[in-house]
Every structure is written in structure tokens, then in C-alpha cells.
Amino acid sequence: MSGVADEPDGATPLDPDEREGLRFRHVTTRGELNELEQANVQAGLLWLSRRRNSDVLNEHFMRELHRRMFGAVWRWAGAFRRSEKNIGIDPLHIAVELHTLLDDARYWSAHRTYTPLEAAARFHHRLVAIHLFANGNGRHARIAADTYLKECFGHPPIDWAAGHDLLHTSERRNAYIAALRAADKGEYGTLLKFVGA
Ligand SMILES: Nc1ncnc2c1ncn2[C@@H]1O[C@H](COP(=O)(O)OP(=O)(O)O)[C@@H](O)[C@H]1O
Ligand SMILES: [Mg+2]
């Protein structure tokens, strides 16, 4: 049995304050928590599919998407991270860096700076590198990148998991994390290959 604090490589551990935000007192294992989160994420995806298309490249949408994906499980869902993590920038700079990224992403789609998949890969990487929230950043940023693809480029979503499991240790997850780490150093080739660009 693994505790709620056990995370695969490349995940964000929660501090005690954040764990206080769990809406279910009875949860003791990572498996139970994953199931609750997974059900919440499904509800978030349903909300996303039903919402009227409106601009996604703004702070409100980024936060609302996270709240819809995780708000039934975590009280702090949709609120920016306030503590330092092993991944991500100083929490004080999150809003400013997010706004810069959203402006860049808008420019990339308006000027076709990159192919749609490259723009989405770069958007995804920068979003997880900022690390907006205490947890759920990978899942949120994958859906956010797919929504950017759909609404700004009319492009189908990325096959992130490719039939594998991205949430637990797997070959696919290792390749994904390795591609993000290369992108941290400015090398996007591996991530582009990963997303099928
Ligand atoms: N070195 C890295 N550089 C950029 N992003 C990373 C790195 N390592 C992990 N990540 C991202 O952070 C995510 C883990 O953060 P977390 O908030 O726990 O998301 P989730 O709970 O959805 O898995 C990974 O899925 C990945 O997207
Ligand atoms: Mg996590």
C-alpha cells in the first residue's frame, strides 16, 4: 500500500497545508486519491466539452479549468500555488509569467510562428515549468494544450498517453518527463517527437 504522499518521479509533493485542503477525510492511499481525482477530471472534461467556445488564452480560463478538474477533491483547486515546489518558479511570479506565456501563445497562433503541434508543445512545457498550482499541473496543462490546439488552430488533440499510463511510472511517463527536462534546457526536439510533431 502506498500513502497519499507517494508520488512518481517528476510529480509535485504536497505540503501539509495543501493536504489539509483534501475534501475527503477518509482517503488514506494514493490509489483512492487517484480515483477521486480521475472522476473529477472526467467531470471537468465534460464541462469543457459543453462550454461555449470563448477565449482560452486568459488567466480566468486557466484557473477555471483547474477548478473544474480538481475542485471536488481539493479546496485550493483553481487558486495559484503559494508554496515553493521541486518544480516551478517562485510562486510570487506565477501571475506575471502566466500572462507573458498567454501573450506569447496568442502571438504564435496569430502569426503561425510554429506548426500547431510545436506551439502546443511549447505552451504545455512553459505551463508546467511555471507550475501554476499545488498539484494537477501535468493533467491540467495537457488539457490546456489540447484546448489551445483545438480552439486556436482547429487541430486534433495530442495523444499524450499513447495507450500507456502517464500518471504512474511507465516507459511513456519516463519519456515524457525526460522530454520536459530537455525542454527545460531549451532542447525541444525530444518533446516535439513525443507529441508527434
Ligand atoms: N523537469 C520538469 N520540467 C518541466 N515540467 C516537469 C518536469 N518534471 C515534471 N514536470 C511536469 O510536472 C507534472 C507533475 O506535476 P503535478 O502538479 O504533480 O501534476 P499531476 O498531479 O497532474 O501529475 C508532470 O506531469 C509534468 O508535466
Ligand atoms: Mg501530482
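Our structure's up above, just so we're on the same page.
Residues numbered from 1 in each chain as written. Chains lettered and ligands numbered in written order. Predicted model: local features only at pLDDT ≥ 70, side-chain atom pairs only at ≥ 80, totals over all residues.

(A) Local environment of the overall build of the chain. Looking only at helices and strands, the chain has eight helices and zero strands in total. Taken from N to C terminus, the helices and strands of the chain fall in the order α-α-α-α-α-α-α-α. The C-alpha radius of gyration of the chain comes to 16 Å, within 12% of the 16 Å expected for a compact globule of 197 residues. The principal-axis extent of the C-alpha atoms belonging to the chain is close to 50 × 35 × 30 Å. Put simply, the chain has 197 residues, and 31% of those count as buried. A separation of at least 24 residues holds for 63% of the contacts in the chain among residues at least 6 apart in sequence. (Helix = DSSP H or I, 4+ residues; strand = E, 2+ residues; numbered from the N terminus. Rg over C-alpha atoms; globule rule 2.2 N^0.38 Å. Buried ≥ 20, exposed ≤ 12 C-beta atoms within 10 Å, placed from the backbone. Contact = placed C-beta atoms within 7 Å.)

(B) Geometry of the environment of Asp 165. With respect to the helices and strands, the residue Asp 165 is situated in the loop between helix 6 (137-153) and helix 7 (171-184). In this structure Asp 165 comes out as exposed when scored by C-beta crowding, with 12 C-beta atoms within 10 Å. The residues touching Asp 165, leaving out its near neighbours within four places in the chain, are Ser 170 and Arg 173.

(C) Region of interest: the site of ligand 1. As a structural note, the neighbourhood of ligand 1 is formed by 15 residues, with Gly 10, Thr 12, Asn 137, Gly 138 and Arg 139 the closest of them. Looking at the shell around ligand 1, the elements with two or more residues in it are helix 5 (116-130), helix 6 and helix 7. For the shell around ligand 1, the per-class residue count stands at six nonpolar, six polar and three charged. (Near = placed C-beta within 6 Å. Nonpolar A, V, L, I, M, F, W, Y, C, P; charged D, E, K, R; others polar.)

(D) Inspection of the nonpolar core at higher detail. In this structure, Ala 120, Phe 123, Ala 144, Ala 145, Tyr 148 and Leu 191 are the most contacted members of the largest nonpolar core, which totals 39 residues. Contributions of two or more residues to this core are made by helix 3 (59-70), helix 4 (94-111), helix 5, helix 6, helix 7 and helix 8 (189-194). If we ignore the near neighbours within four places in the chain, the residues touching Ala 120 are Ala 145, Tyr 148, Leu 149, Ile 158 and Val 195. (Core = buried A, V, L, I, M, F, W, Y, C linked by C-beta atoms within 7 Å.)

(E) Examining the environment of Ala 79 more closely. Within the secondary structure layout, Ala 79 lies in the loop between helix 3 and helix 4. Separated by 83 residues in the primary sequence, Ala 79 and Ala 162 place their C-alpha atoms 30 Å from one another.

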